[in-house]
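# Architecture at a glance
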Amino acid sequence: MIELPEALTIARQINEAVAGKTVARVLPPTKPHKFCWFNGDAAEYESQLQGATLLSAEGFGIYAEMSFDNGKKLAINDGVNLRLSDGSPAPRSYQLLIEFTDGMALVFTVAMYGGIVLHGGDYDNEYYRKSRGYISPFAPEFESLYRHALAAYKPTMSAKAFLATQQRFPGIGNGVSQDILLAAGIHPKRKLQTLDSAAQDKLLKSMVSVLSDMVEGGGRDTEKDIFGNPGGYITRMSNKTLDTGCPACGGPITKETYLGGSVYYCANCQPLAEPR
C-alpha cells in the first residue's frame, strides 16, 4: 500500500527515469476492476494525455502525482502498483498503461483497491485534499500539528487509531505505524491518556526518525518500487518479521487483528499500560 515513504519514492523515481518523456498512447483497463476508481471514463484518458510530456512528479500523503505540460495531472493512491516497463510485452491484466514515444511504458495494476485519477488540478476528494494540504513530518511545523492533535482527540483513543486513522497524519497508515510504535516503545492498543510528556515526546521523535529512515531507504521492503524492486528499508514489525522475533529483545512478535488491519508488536518492549 502507498504510504508516505512509497509516495515520495515513486515520485523521485519518476522524476529520475520518466520525466521528459512524451505520451504516445494510453490503454484503458484490460478488464474491469470494481475497486479501481477513475475520475471519469478511463477510455477517455488517452484523448487527454496523448502528445503530452510528463514534466515532473510529486509525493504527498498517500498520493504520488504526475504533472504534464498540458495542465493535466495523474494521481495514484492506496493499492495501485506502478511499474516502469522497458518495452517488453505488457502484462495481460492491467488497469491502465501509458506508453511513451521511446517505447517505455508505465503500467498500473490494482490488487485490492486504489484510485487512478486524471484531473486538471480541480480534483475534489476528501482524501486527496487532506494529503495535498498535509504538513510534512520533516517540516518544523509538524510538531505543532502533532501537539494539537494530541490535545484534540479523546484520551481513550488508542495509539494506532491516533496515528493511522482518519487521515490525521496523511501518509502515516497501518503499515508504517508498526515500526514507529516499536521505536517509541508503545503498544498499538495503548490509550493516549497513559502517555506522559516523555512518552509523547518519544512518539513524535520516532515518527520523524522512522519515516526519515524509510524514505532514505527508498520505501519499505514490504512494498515494491516502479522497477519492481522491494524498498531498501528493512521493516522491523511486519509479516516478514513475524517468525524472526523482536529485533530489540529477541522475544516473540504478536500479530493481532485490530481496527480493520493487522498489528504487530512485542509485549515486552511495548507494554500495554493501564490508564492512570
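Please read these numbers as outputs of a predicted model, since none were measured by experiment.

### Structural notes on the overall build of the chain
- Along its length, the chain carries seven helices and eleven strands.
- Relative to a compact globule of 276 residues, whose C-alpha radius of gyration would be 19 Å, the chain shows 20 Å and is just as compact.
- Along the first, second and third principal axes, the C-alpha set of the chain runs to 60 × 40 × 30 Å.
- Looking at the chain as a whole, 47% of its 276 residues qualify as buried.
- A sequence separation of at least 24 residues applies to 64% of the contacts in the chain between residues at least 6 apart.
- About 12,700 Å² of surface is accessible on the chain, with carbon and sulfur atoms providing 50% of the total.
- Separation between the mean location of the 27 positive side-chain charges and that of the 29 negative ones in the chain comes to 6 Å.

### Comments concerning the pairing of strand E3 (residues 54–60)
- When E3 meets strand E4 (residues 63–68), the two strands line up antiparallel, connected through six bridges. When the sheet's bridge partners are listed, Glu58 is paired in E4 with Glu65.
- Between E3 and E4, which pair antiparallel in sequence order, lie two residues; one of them, Gly61, sits at a positive phi of approximately 55 degrees.

### Structural notes on the nonpolar core
- Met66, Leu74, Ile98, Leu106 and Phe108 are the most contacted members of the largest nonpolar core, which has 31 residues in total.
- For this core, the element with the most residues is helix H1 (residues 4–17), which contributes four residues.
- Ignoring any residue separated from it by four or fewer positions in sequence, one finds Leu106 in contact with Val18, Leu54, Met66, Leu82, Arg83, Leu84, Leu96, Leu97, Ile98 and Phe100.
- Among the nonpolar cores identified, the runner-up in size contains 26 residues, and Met157, Ala159, Leu192 and Leu203 belong to it.

### Quick look at the sheet that holds strand E8 (residues 105–110)
- Spatial strand order, E1-E7-E8-E6: four strands in an open sheet with antiparallel pairing. Looking at which strands have only one partner, the edges of the open sheet turn out to be strand E1 (23–27) and strand E6 (80–85). Strand-to-strand twist of the sheet, defined as the mean angle between neighbouring strand axes without regard to direction, takes the value 15 degrees.
- Here four bridges tie E1 to strand E7 (residues 96–100), and the two strands are oriented antiparallel to one another. Each residue of the ladder has a partner; that of Val23, found in E7, is Phe100.

### A look at the packing of helix H6 (residues 174–184) against helix H7 (residues 197–216)
- Interhelical geometry of H6 versus H7 gives an angle of 130 degrees and a closest axis separation of 8 Å. In terms of orientation, H6 and H7 fall into the oblique class. Crossing geometry of H6 relative to H7 is assigned as right-handed. Here Val176, Asp179, Ile180, Leu181, Ala183 and Ala184 of H6 lie close against H7, whose contacting residues are Lys202, Leu203, Ser206, Met207, Val210, Leu211 and Met214.
- Of the residues assigned to the contact of H6 with H7, the class counts are ten nonpolar, one polar and two charged.

### As for the packing of helix H4 (residues 142–152) against H7
- Closest axis-to-axis distance for the H4/H7 pair is 11 Å, and the angle between their directions is 135 degrees. When the axis of H4 is compared with that of H7, the two are oblique. Seen from above, H4 lies across H7 with right-handed handedness. Listed contacts from H7 to Phe142, Glu143, Tyr146, Arg147 and Leu150 of H4 are Gln200, Asp201, Leu203, Leu204 and Met207.

Basis of the calculations
Residues numbered from 1 in each chain as written. Predicted model: local features only at pLDDT ≥ 70, side-chain atom pairs only at ≥ 80, totals over all residues. Heavy atoms only, no water. Helix = DSSP H or I, 4+ residues; strand = E, 2+ residues; numbered from the N terminus. Rg over C-alpha atoms; globule rule 2.2 N^0.38 Å. Buried < 20%, exposed > 50% of the residue type's maximum accessible area, 1.4 Å probe, protein only. Contact = heavy atoms within 4.5 Å. Areas by Shrake-Rupley, 256 points an atom, 1.4 Å probe, with all protein chains shown as cover. Lys, Arg positive; Asp, Glu negative; His and termini not counted. Charge placed at Lys NZ, Arg CZ, Asp CG, Glu CD. Pairing = 2+ DSSP bridges. Core = buried A, V, L, I, M, F, W, Y, C linked by side-chain atoms within 4.5 Å. Axes fitted to C-alpha atoms, helices over the stretch in contact; angles between N-to-C directions. Parallel < 35°, antiparallel > 145°, perpendicular 65-115°, else oblique. Left-handed = near helix turned anticlockwise from the far one by under 90°. Nonpolar A, V, L, I, M, F, W, Y, C, P; charged D, E, K, R; others polar.

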